[in-house]
Amino acid sequence: MDTIKGRKEFLELYGSGRKRTYSTLIIFYKEKGQGRRFGVAVPRRIGSAPARNTVKRRLRELVRREEKRLPDHTSYVLVLRGQREPGFRELEDDLHRFIEDVKRERTQRFEEGPA
RNA sequence: GGAGCUGGCCGGGUGAUCGCAGGGGCCGGAAGGUCCCUGAGGAAAGUCCGGACUCCACAGGGCAGGGAGCUGGGUAACUCCCAGGCGGGGAAACCCGACGGCAAGUGCAACAGAGAGUAGACCGCCAGCAGCCUCCGCGCAGGGGGUGUUGGUAAGGGUGAAAGGGUGGUGUAAGAGACCACCGGCACAGCCGGCGACGGUUGUGGCCAGGUAAACCCCUCCCGGAGCAAGGCCAAAUAGGAGCCGAGCCGUGGCCCGCGGCGUUUGAGGUUCGGGUAGGCCGCUAGAGGCUCAUGGAGACAUGGGUCCCAGAUGGAUGAUCACCGGCUGAUGGUCCUUGGUAAAUGCUCUUAUAUAUAGGCUCGCGUUUGCGCGGCGAGAAUGUGAGCCUCAUCGGGCUACAAGAUAGCCCUCGAGCGUACCAAGGCCAGAAGUUACAGAAUCCGGCUUACAGGCCGGCUCCCUCA
């Protein structure tokens, strides 16, 4: 899993990337460069350092599992929503929804494209 | 067994699947692959002290600023640690203390109170003066009690966190360190013990000096600045840009003097606009290091030997998911064990026998409420003491009657052992459910402080019981 590094690149995705909102996550993404690259952001309001680290590990684990199902040549930033530490299942559900949404979006574009 | 104090330690485990970071070996031209090893804490936290390390400065002096503040020791150093002293808390084990100086100066103190730091008369106490009352009337002597007023007084009451030493005496109208004795405290001097803080003791002195220095301040001692984004190397890039101000600027990091450097035609420096970089490597993990043994020491710790190598990320690794097992709390159940209590709704056996002081009321006797004289009223009121009588209550419980209580009637009654029933507590077994903390290295150490579900081991104090 390649990671996004540098504040500038994060700001670029926040500014010009596409955005989808789910119950525990906000996901920014944009076609860019080679391969798939990921960034994870967990705000301070979630809790202490150990709590934030746990959430980040869960998100990385999910990305590692599901990476192949996402479109290539794209950068993604996953930002945590809410005030509390979410469970693994909640995060998993949201990521699956995102994968379905992105797949539908590409199919639509593919059908509209040649027409 | 209970209550408490204290020192040290731990702070989930196993398995499966899928992963991360560093190092090493092997394969490969490289990308990478593969195997092995290692991979968060007691506080990694707060960033509060102290150091190591790195760079800058080193020419000093004065002023300012900050810190420390009982003694001796330990340490690289400390605001830390050990031992001791003193003060405070506790019945004790033990705990707590910024613990130099308010008898150098200046300042501050709410409310209450008469008075709060050169003290102060609200009540009280005492004295003088005036006038009044004393079973009734009158007189004499003496006493007592109020009132008003003028003074005295810090004994007593009251206020307050605190009222200007305490106790006893002398003294006095009443009092007062006014004087005396003892005690406490203070200052000075001596002696004894201790390295010392200090302790003990003797003498002298003046009667005594309130609190607050995390109030200013005074005294003693200590203190260059910045921090691993320190600092160095490599690579890349900006571009030696423009406008304006301009005689000072920089370092000695607070200020002044002084000193050093740069600059005033060759323009230091500042500011605005425009533009750009922030990639890699080293520092970077072997250290005041861990474990263990020996020696010295009361201890903190030191010295020496042996042995081990134990995180180094940089959008930041050290894990994610699932299953099982633990730890703790525990509704409820089993009624197996122990202990205690209750029971004419209880059985059996043994052994047997008991009376008290106080309170209240009533009656009677005696004494006192200054003395005397005359008259009146009246055996009264208050108080002390002695004798007799009466009443109530307590000294055991249950049942019946009554709404309840008083009360009345009836019954059982003491002690010991065993058993039965019920209740309570503890142990044991089962167990729904809940809970499983605080918290994430970022240059590294030594500390401090704060947070923490729960658990383990040791030592000590007090109380109860048994032998």
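All of these numbers come straight from a predicted model, not from anything done at the bench.

**Student:** Before we go on, may I ask you to explain the overall build of chain A in this structure?
**Tutor:** Helix and strand counts for chain A come out as three helices and five strands. When the elements of chain A are put in sequence order from the N terminus, they spell out β-α-β-β-β-α-β-α. Burial status across chain A gives 39% buried among its 115 residues. The contacts in chain A between residues at least 6 apart in sequence include a share of 79% that link residues at least 24 apart. Of the roughly 7,100 Å² that chain A leaves accessible, carbon and sulfur atoms contribute 47%.

**Student:** Got a minute to help me understand unusual backbone geometry in this structure?
**Tutor:** Even without being glycine, histidine 73 reaches a positive phi, approximately 55°. Position of histidine 73 relative to the elements: it lies in the loop between α2 (49–66) and β5 (74–80). What makes histidine 73 partly exposed here is its relative accessible area of 38%.

**Student:** What am I meant to see in the sheet that holds strand β1 (residues 2–3) here?
**Tutor:** Note: strands within a sheet are paired through backbone hydrogen bonds, in either parallel or antiparallel orientation. Sheet architecture is open: five strands sit in the order β1-β4-β5-β3-β2, paired in mixed fashion. Every other strand in the sheet has two partners, leaving β1 and β2 (18–21) as the edge strands with one partner each. Pairing between strand β3 (residues 25–31) and β5: seven bridges, direction antiparallel. In the sheet register, leucine 25 faces β5, and the bridge partner there is leucine 80.

**Student:** How do you make sense of the protein's contact with RNA strand B when you look at a structure like this?
**Tutor:** Neighbouring RNA strand B are 19 residues, the closest being Ile4, Asn53, Arg57, Arg58 and Arg64. The sugar-phosphate share of atoms of RNA strand B within 4 Å of the protein amounts to 64%. The contact in question runs from a base nitrogen of RNA strand B to an N or O atom on the side chain of asparagine 53, over 3.1 Å. At 3.3 Å from a phosphate oxygen of RNA strand B is found a side-chain nitrogen or oxygen belonging to arginine 60. With eight residues, α2 is the single largest residue contributor to the surface near RNA strand B.

**Student:** Got a minute to help me understand the side chain of aspartate 94 in this structure?
**Tutor:** With respect to the helices and strands, the residue aspartate 94 is situated in helix α3 (residues 88–112). Among the polar contacts listed, one links the side chain of aspartate 94 to the side chain of arginine 97, at a separation of 2.6 Å. Ignoring any residue separated from it by four or fewer positions in sequence, one finds aspartate 94 in contact with Tyr22, Ser23, Thr24 and Leu25.

**Student:** So what exactly am I meant to see when it comes to the pattern of salt bridges here?
**Tutor:** Charged atoms that come close allow side chains of opposite charge to pair. Per the counting criterion, the structure on display carries 11 salt bridges. One salt bridge connects arginine 18 with glutamate 105, and the closest N-O pair in it is separated by 3.3 Å. With a gap of 87 residues between them, arginine 18 in strand β2 and glutamate 105 in helix α3 connect regions that are remote in the sequence. Assessed through its relative accessible area of 48%, arginine 18 is described here as partly exposed. Glutamate 66 serves as the salt-bridge partner of arginine 69, at 3.1 Å between the closest nitrogen and oxygen. Residue arginine 69 is classed as partly exposed on the basis of its relative accessible area of 41%.

Cut-off values and rules
- Residues numbered from 1 in each chain as written.
- Chains lettered and ligands numbered in written order.
- Predicted model: local features only at pLDDT ≥ 70, side-chain atom pairs only at ≥ 80, totals over all residues.
- Heavy atoms only, no water.
- Helix = DSSP H or I, 4+ residues; strand = E, 2+ residues; numbered from the N terminus.
- Buried < 20%, exposed > 50% of the residue type's maximum accessible area, 1.4 Å probe, protein only.
- Contact = heavy atoms within 4.5 Å.
- Areas by Shrake-Rupley, 256 points an atom, 1.4 Å probe, with all protein chains shown as cover.
- Pairing = 2+ DSSP bridges.
- Near = heavy atom within 4 Å.
- Polar contact = N/O pair within 3.5 Å; in protein donor to acceptor, adjacent residues only side chain to side chain.
- Salt bridge = Lys/Arg side-chain N within 4 Å of Asp/Glu carboxyl O.

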